[in-house]
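Structural overview for review
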Amino acid sequence: MIEITDEAPAAAAPMSPTPLADAVAAPAAATTDSVATHSQGPLVIIGSGHAGYGLAEAVRARDAEREIHVVTADDGGLYAKPSLSNALALGKDAEALLDESALAIEKRLNLRVHAFCPVERIDAEAKRLHTRLGELDYGQLVLATGASPIRIPVAGEAGALLSVNDRGDYREMRRRLDALEGPGRVVIVGDGLIGCEFANDLAQAGHRVEVVGLAERPLPRLLPEAGSEVLREALARLGVCWHLSRSVASVAADEEGYRLTLTDASELEADLVISAVGLVPNVELARAAGVDCGRGIRVDDHLATSLPDVYALGDAVEIDGQLLPYLAPINAGVRALAATLTGTPTAASYPVMPVMVKTPAAPVCVVVPPAEAQVSWRVTATADGIEAGGYDAIGRLRGFALVGEAAMARRSDWVKACGQAQAA
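Summary of the structure given here. (Residues numbered from 1 in each chain as written. Predicted model: local features only at pLDDT ≥ 70, side-chain atom pairs only at ≥ 80, totals over all residues. Heavy atoms only, no water.)

A short note on helix H2 (residues 50-62)
An ideal rise of 1.5 Å per residue puts 18 Å on 13 residues; H2 measures up with 18 Å between its terminal C-alpha atoms. If you check which residues of H2 are buried, you get Ala51, Gly52, Tyr53, Leu55, Ala56, Ala58, Val59 and Arg60. (Helix = DSSP H or I, 4+ residues; strand = E, 2+ residues; numbered from the N terminus. Expected span 1.5 Å × (residues − 1). Buried < 20%, exposed > 50% of the residue type's maximum accessible area, 1.4 Å probe, protein only.)

Observations concerning the pattern of salt bridges
Taken as a whole and judged by the stated rule, the model has 24 salt bridges. In this structure, the salt-bridge partner of Glu57 is Arg108, at a minimum N-O distance of 3.0 Å. Taken as a pair, Glu57 in helix H2 and Arg108 in helix H4 (residues 102-109) lie far apart in primary sequence, 51 residues in all. Judged by relative accessible area, Arg108 falls into the partly exposed class, the value being 40%. When salt bridges with common partners are traced through the structure, they connect Arg185, Arg259, Glu267, Glu269 and Asp271 into a single cluster. (Salt bridge = Lys/Arg side-chain N within 4 Å of Asp/Glu carboxyl O.)

Thoughts on empty space enclosed by the protein
The rolling of a water-molecule-sized probe over the atoms marks out the regions of remaining empty space. Applying the stated rule across the entire model yields two cavities of 30 Å³ or more. Looking at the largest cavity, its volume works out to about 70 Å³. Leu303, Leu313, Gly314, Val317, Ile319, Leu324, Pro329, Ile330, Gly333 and Tyr350 together form the lining of the largest cavity. Looking at the lining of the largest cavity, the elements with two or more residues in it are strand S23 (317-319) and helix H9 (327-341). In terms of residues, the lining of the largest cavity owes the most to one element, H9, which gives three residues. Here the residues of the lining of the largest cavity are counted per class, giving eight nonpolar, two polar and no charged. (1 Å grid on protein atoms, 1.4 Å probe; cavity = no way out; pocket = protein on both sides within 12 Å on 5 of 7 lines; lining within 4 Å. Points joined across faces, edges and corners; volume = space filled by probe spheres on them. Nonpolar A, V, L, I, M, F, W, Y, C, P; charged D, E, K, R; others polar.)

With respect to a nonpolar patch on the surface
Judged by side-chain polarity, Ile150, Val277 and Val280 come together as a nonpolar surface patch covering roughly 190 Å² of accessible area. Mapping Val280 onto the fold places it in strand S20 (residues 279-281). (Patch = residues over 30% accessible without salt bridge, like charges linked within 9 Å, V, L, I, M, F, W, Y side chains within 5 Å. Areas by Shrake-Rupley, 256 points an atom, 1.4 Å probe, with all protein chains shown as cover.)

A short note on the environment of Asn282
By the secondary structure assignment, Asn282 is in the loop between S20 and helix H8 (284-288). Considered as a pair, Asn282 and Gly296 are 14 residues apart in the sequence and their alpha carbons are 7.5 Å apart. Excluding residues that lie within four positions of it along the chain, Asn282 makes contacts with Thr145, Gly146, Ala147, Ser148, Ile297 and Ala316. At a separation of 2.7 Å, a polar atom in the side chain of Asn282 contacts the side chain of Ser148. (Contact = heavy atoms within 4.5 Å. Polar contact = N/O pair within 3.5 Å; in protein donor to acceptor, adjacent residues only side chain to side chain.)

Observations regarding the sheet that holds strand S8 (residues 134-137)
The pairing of strands in a sheet comes from backbone hydrogen bonds and takes either a parallel or an antiparallel form. Overall, antiparallel pairing links the three strands, which are arranged S6-S7-S8 in an open sheet. Strands at the two margins of the open sheet, each flanked by one partner only, are strand S6 (119-123) and S8. Neighbour-to-neighbour, the strand axes of this sheet turn through a mean angle of 20°, independent of strand direction. Direction of pairing for strand S7 (residues 128-131) relative to S8: antiparallel, over a ladder of four bridges. Opposite His130, over in S8, you have Glu135 as the bridge partner. (Pairing = 2+ DSSP bridges. Axes fitted to C-alpha atoms, helices over the stretch in contact; angles between N-to-C directions.)

A few points about the pairing of strand S17 (residues 257-262)
Note: strand S16 (residues 248-254) against S17, six bridges, orientation antiparallel. Within S17, the residue paired with Val251 across the bridge is Leu260. In sequence, S16 turns back onto S17 through a hairpin of two residues. In this structure, S17 lies alongside strand S18 (residues 267-270), joined through four bridges in antiparallel fashion. When the bridges of S18 are listed, Leu260 appears paired with Leu268. What sits between the antiparallel neighbours S17 and S18 is a turn of four residues, in which Ala265 has the positive phi angle 80°.

Considering the packing of aromatic side chains
Two numbers describe a pair of aromatic rings. These are the distance of the centres and the angle of the planes. What the rule picks out here adds up to one aromatic pair. An angle of 40° between the planes, with centres 5.6 Å apart, marks the rings of Phe400 and Trp414 as tilted. One end of the pair, Phe400, is in strand S29 (residues 397-403); the other, Trp414, is in helix H11 (residues 411-423), and 14 residues separate them in sequence. Residues Phe400 and Trp414 agree in their burial class; the two are buried. Against the face of Tyr79 rests Arg167, its NZ or CZ located 5.7 Å from the ring centre. Just above the ring of Tyr391 sits the side chain of Arg378; from NZ or CZ to the centre is 3.9 Å. (Phe/Tyr/Trp six-rings, centres within 6.5 Å; stacked < 30°, edge-to-face > 60°. Lys NZ or Arg CZ within 6 Å of the ring centre and 35° of its normal.)

Okay, here's the thing in structure tokens:
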């Protein structure tokens, strides 16, 4: 995620107020195999998340000489964003989540990180970025701009709703909880993947957790009804209370914290309110530059956008009409795009890609059936959960859902079976 901030850079090398291109040294002499690529100018990646840094590392592994720039609005530190939703029970603060500073990444990968440098616009005709700190020309541009939390309309103290989508957000969440005397009263708005992960993490850490969700059950887009019920009961045993088929209408501050009025007129009290209702791809920069966008940045099978020499990768991307904000498709895209950018055009190939949900109370693994597939679920109960296969009208396995430790022990068998069905 890109965090917009006006703080001075701390982790990256000092920036010159002159145009960025003036401060960039000329690229080193290219090898014979990559002369054409090098002559195009530097590779510039917008975004310092898993997709952006993963691509930079993959390109560097294939080409030791390529000039690479990573432009980011935050401090450029590398960390695993999925860790945000299970770090509390592990006792990790925001600093402990950091894996590598921007300066360390610069040294290790021999590239330039432009930290605290939000991009204001892209001039696709001139192949130039306009940033808060100057201009930067590119030969090839990759948009790894990620996604931002959806903001739901709430009357009253809407600012009380905290979306935890980066280390800064997590630091603020910890600050609010640490200011309390003893366990806190936490209301989580959202019954999806992130909401359930935070519910498990906060309840396991000893806080009183209540989940508010519009759906009738948790993880409605990922699990069959039987799987949702196993997860709901497992989290309830941790102390999580559920308020489903409703949302938050208003939030009022009082001496004890916050009073939430739900859409059914019931009320909840909270010390902390977390909004986890989903993410929306960051497409504004791309759309303003003339890139074809739908729900996300539209790309072809080589992850190329509608503009020459402009590619996209990660949570902001729309592939065949679908958004795939998970690590497995991003990793597959990283490998293919790194090859393409270093002179070997390669289409991204997506194998069976399980989605893991970090809810230790009832671990979940899902391969989501394709959107166009009409599936029926065949559910088998296990010692502590369910196994379920999603089959189409002619009996082909198109996806599966595993909930509980017993089902997770057979994960590899399900992945293999799903892969064979996909190949057939």
